[in-house]
Amino acid sequence: MESSQADYQARFQRNPLTIYEAQHMLIHRINSEAVEVIPLEQAYLRRSAQTIRANMPVPHFQRSMMDGFAVKAADTCHAQQNMAVRLQVVGSIACGDVSKKPLMSGEAVRIMTGAQLPEGADAVIKLEGTSDLQRRTTGQSQDDTILIHQSVSEGENVNAIGSEMEEGQLLIEKGSRLEAGEMALLAMFGYEYIHVYTKPRVAIISTGHELLSISASIEAGKIRNSNSYMLLAQIQEAGGTPYLLPHVADDLHQLTQVLKEALQQYDAVITTGGVSVGDHDILYDFTQNWEGELLFNKVQMRPGSPSTVGFFRGTPLFALSGNPSACFVGCEMFVRPALLRMQGVTEPYRTPLRGKLEQSYYVPDTFVRLVRGVMRTEEDGTVVVRPAGVDKSSATISIMEANCLFVVLPSPTGLEQGTLVDIVPL
Ligand code: AMP
Ligand code: MG
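Keep in mind that what you see is a predicted model, and the values were worked out from it rather than measured.

What about the site of ligand 1?
Right, on to step 1. Neighbouring ligand 1 are 14 residues, the closest being Glu210, Asn225, Ser226, Gly274 and Gly322.
Right, on to step 2. Between Glu210 and ligand 1, the recorded distance is 2.6 Å, taken from a side-chain N or O atom to an oxygen atom.
Right, on to step 3. In this structure, Ser226 approaches ligand 1 through a main-chain N or O atom, which is 3.2 Å from a nitrogen atom.
Right, on to step 4. Here ligand 1 has 480 Å² of accessible area as a free molecule, and 77% of this is covered by the chains.
Right, on to step 5. Here the shell around ligand 1 is built from residues that sort into two nonpolar, 11 polar and one charged.

Laid out in structure tokens, this is it:
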């Protein structure tokens with residue numbers, strides 16, 4: 001009798017952490033950064049496990065920015081529109097070619113964009129600044145001249161050595177996501193292979209007697225398992241590889257077997273459903289009798305207050321609420337930062353911005369509310385936000401409509417229209 005009384009109290013009177021406390025506690029427990037080496041062509045959207053610095057200056061040679069003529073700037077200093085200077089054209093340099101003879105005073109060399117300037121040249125004059133290309137044949141070779149109508153200064157239209165990047169310059173930090181620009185830089189510096197963090201393998205297990213597979217015909221009182229597919233997307237977005245395990249009925253014995261195996265096979269395990277205080281909420285029961293360590297099972301946030309996180313021999317278990325929006329928010333707040341941390345990201349949280357409530361939000365709460373919102377920027381640059389469609393934790397459609405979560409701090413009344421709130425873009 002006594003023990004069931006204690007159990008009842010523990011089940012209902014959980015110690016709710018703030019979101020910050022819960023995230024902090026979780027992130028500091030993640031220490032499983034695994035690294036692999038992959039060809040650059042497979043590295044898009046992976047997280048670099050290497051700090052990358054420029055291994056040479058860019059450009060590494062004096063490079064023409066224009067199609068025109070490489071000259072000595074001093075030769076052009078008297079050139080004007082009505083007082084042209086004539087220079088001897090002594091050759092032509094295509095991209096990738098290198099001129100063998102140094103440029104002498106009074107000479108010009110035809111040069112293409114991206115080609116290396118000849119020794120002795122220090123500026124490029126674009127075609128528009130020249131005219132009257134005269135071609136005379138002298139013996140075997142062609143001897144051309146041009147008229148220069150404007151002066152150029154030293155370095156004009158030339159990318160100097162190291163002008164884009166200096167040798168040794170820090171380019172990509174550990175944990176950065178490799179996007180198009182990073183891919184280009186890595187290729188530039190000859191990284192055929194790159195060290196990246198391995199993608200965390202994440203098992204997804206939905207629980208609930210009411211759940212049907214997505215291929216099943218709909219039945220009275222039952223719903224198809226939609227959370228697993230939402231989580232699948234969220235895990236991929238966070239750089240993980242999701243593994244959809246079959247959903248489990250509200251059966252502690254079955255769940256225990258599935259979870260024990262999953263916690264040993266994957267880098268992280270997510271469950272949805274069964275974390276609250278209902279009669280069939282078996283996740284709570286599971287975390288009372290396992291060999292793992294429970295970090296928290298209540299957070300001062302809504303939706304998703306029963307979000308539960310524990311570790312089993314270093315592997316995190318995220319037991320999220322079954323309510324689709326609560327599940328979504330729980331994944332955003334806990335799973336995503338943890339997966340990013342496993343991939344070397346030191347600051348794994350989204351950066352909030354400030355915006356104005358477009359309409360009043362009169363929902364009193366003692367917990368922080370993370371409301372699925374639609375934000376937009378007005379013409380004058382002000383960011384405004386409103387709740388997306390149906391603001392119920394059971395609502396799935398608002399997850400699709402939302403492009404942000406906005407933060408409503410605990411309040412006995414809710415918030416007036418125009419109040420400034422923190423907005424977390426998704
Ligand atoms: P629970 O957290 O198990 O109490 O579930 C809360 C609500 O979410 C119930 O209405 C469930 O039917 C619903 N639900 C639970 N799991 C899923 C799921 N995998 N997909 C969609 N809805 C779910
Ligand atoms: Mg349930």
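Details of the nonpolar core
Right, on to step 1. Of all hydrophobic cores here, the largest spans 37 residues; its most connected members are Leu26, Phe318 and Phe334.
Right, on to step 2. By residue number, the principal contributor to this core is helix α7 (residues 324-342), which donates 10 residues.
Right, on to step 3. Each of domain 1 (3-34 + 198-342) and domain 4 (353-425) accounts for three or more of the residues forming this core.
Right, on to step 4. The next biggest cluster of nonpolar side chains, apart from the first, holds 18 residues, and it includes Leu245, Val248, Leu255 and Leu263.

Some points on the sheet that holds strand β18 (residues 293-296)
Right, on to step 1. Reading across the sheet, the six strands line up as β16-β13-β17-β21-β20-β18 and stay open at both edges, with mixed pairing between neighbours. Of all the strands in the sheet, just β16 (241-244) and β18 have a single pairing partner and so form its edges. Within this sheet the neighbouring strands show an average axis-to-axis angle of 25°, counted without direction.
Right, on to step 2. Strand direction decides the pairing type here: strand β13 (residues 201-206) and strand β17 (residues 268-272), joined by five bridges, are parallel. If you follow Ile205 over to β17, its bridge partner there is Thr271.
Right, on to step 3. Strand contacts of helix α5 (residues 252-265): β13, β17, β20 (308-312) and β21 (315-320), with the helix running at about 165° to β13, the strand carrying the most contacts.
Right, on to step 4. Packing against the sheet, α7 makes contact with β13, β17, β18 and β21, and its axis sits at approximately 170° to β21.

Observations regarding α5
Right, on to step 1. Helix length check: α5, at 14 residues, gives a terminal C-alpha distance of 20 Å against a target of 20 Å (1.5 Å per residue), a fit within 8%.
Right, on to step 2. Turning to α5, its buried residues number three or more, namely Leu255, Leu259, Ala262 and Leu263. Down the axis, α5 shows its buried residues gathered within 95° of arc, on one side only. Exposed side chains of α5 directed beyond 90 degrees from the buried face belong to His253, Gln257, Glu261 and Gln264.
Right, on to step 3. On its buried side, α5 packs onto β13, β17, α6 (282-288), β20 and β21.
Right, on to step 4. Two or three places before His253, at the opening of α5, Asp251 has a side-chain oxygen 3.0 Å from that residue's backbone nitrogen.

Considering a nonpolar patch on the surface
Right, on to step 1. Together, Ile214, Tyr229 and Leu244 make up an exposed nonpolar region whose accessible area comes to about 270 Å².
Right, on to step 2. Within the element layout of this structure, Leu244 appears in strand β16.
Right, on to step 3. You can call Leu244 partly exposed: its relative accessible area is 37%.

Things to note about the domain arrangement of the chain
Right, on to step 1. As assigned here, the chain comprises domain 1 (3-34 + 198-342), domain 2 (36-58 + 165-197), domain 3 (63-159) and domain 4 (353-425).
Right, on to step 2. Taken over C-alpha atoms, the centre of domain 2 sits 38 Å from the centre of domain 4.

A closer look at the pattern of salt bridges
Right, on to step 1. Evaluated as defined, the whole model comprises 13 salt bridges.
Right, on to step 2. Where Arg369 meets Asp365, a salt bridge forms, and the shortest distance between an N and an O atom there is 2.6 Å.
Right, on to step 3. Residue Asp365 is classed as buried on the basis of its relative accessible area, which comes to 10%.
Right, on to step 4. The structure contains a network of salt bridges with shared partners spanning Glu237, Glu332, Arg336 and Arg350.

Overview of the side chain of Ser48
Right, on to step 1. In this fold, Ser48 is placed in the loop between β1 (35-39) and β2 (52-53).
Right, on to step 2. Excluding its chain neighbours within four sequence positions, the residues that come into contact with Ser48 are Ile172, Glu173, Lys174, Gly175, Ser176, Leu178, Ile194, His195, Val196 and Tyr197.

So, helix α2 (residues 19-27)
Right, on to step 1. Along α2, the positions that sit buried rather than exposed are Ile19, Ala22, Gln23, Leu26 and Ile27. All buried residues of α2 lie within an arc of 120° about the axis, which places them on one face of the element.

A short note on the side chain of Arg341
Right, on to step 1. Tracing the sequence through the fold places Arg341 in helix α7.
Right, on to step 2. With residues up to four places along the chain from it excluded, the contact list for Arg341 reads Ile27, Ile30, Glu33 and Pro348.

Rules of the game
- Residues numbered from 1 in each chain as written.
- Chains lettered and ligands numbered in written order.
- Predicted model: local features only at pLDDT ≥ 70, side-chain atom pairs only at ≥ 80, totals over all residues.
- Heavy atoms only, no water.
- Near = heavy atom within 4 Å.
- Polar contact = N/O pair within 3.5 Å; in protein donor to acceptor, adjacent residues only side chain to side chain.
- Areas by Shrake-Rupley, 256 points an atom, 1.4 Å probe, with all protein chains shown as cover.
- Nonpolar A, V, L, I, M, F, W, Y, C, P; charged D, E, K, R; others polar.
- Core = buried A, V, L, I, M, F, W, Y, C linked by side-chain atoms within 4.5 Å.
- Buried < 20%, exposed > 50% of the residue type's maximum accessible area, 1.4 Å probe, protein only.
- Helix = DSSP H or I, 4+ residues; strand = E, 2+ residues; numbered from the N terminus.
- Domains from an automatic or database assignment.
- Pairing = 2+ DSSP bridges.
- Axes fitted to C-alpha atoms, helices over the stretch in contact; angles between N-to-C directions.
- Contact = heavy atoms within 4.5 Å.
- Expected span 1.5 Å × (residues − 1).
- Arc of directions from axis to C-beta.
- Patch = residues over 30% accessible without salt bridge, like charges linked within 9 Å, V, L, I, M, F, W, Y side chains within 5 Å.
- Salt bridge = Lys/Arg side-chain N within 4 Å of Asp/Glu carboxyl O.

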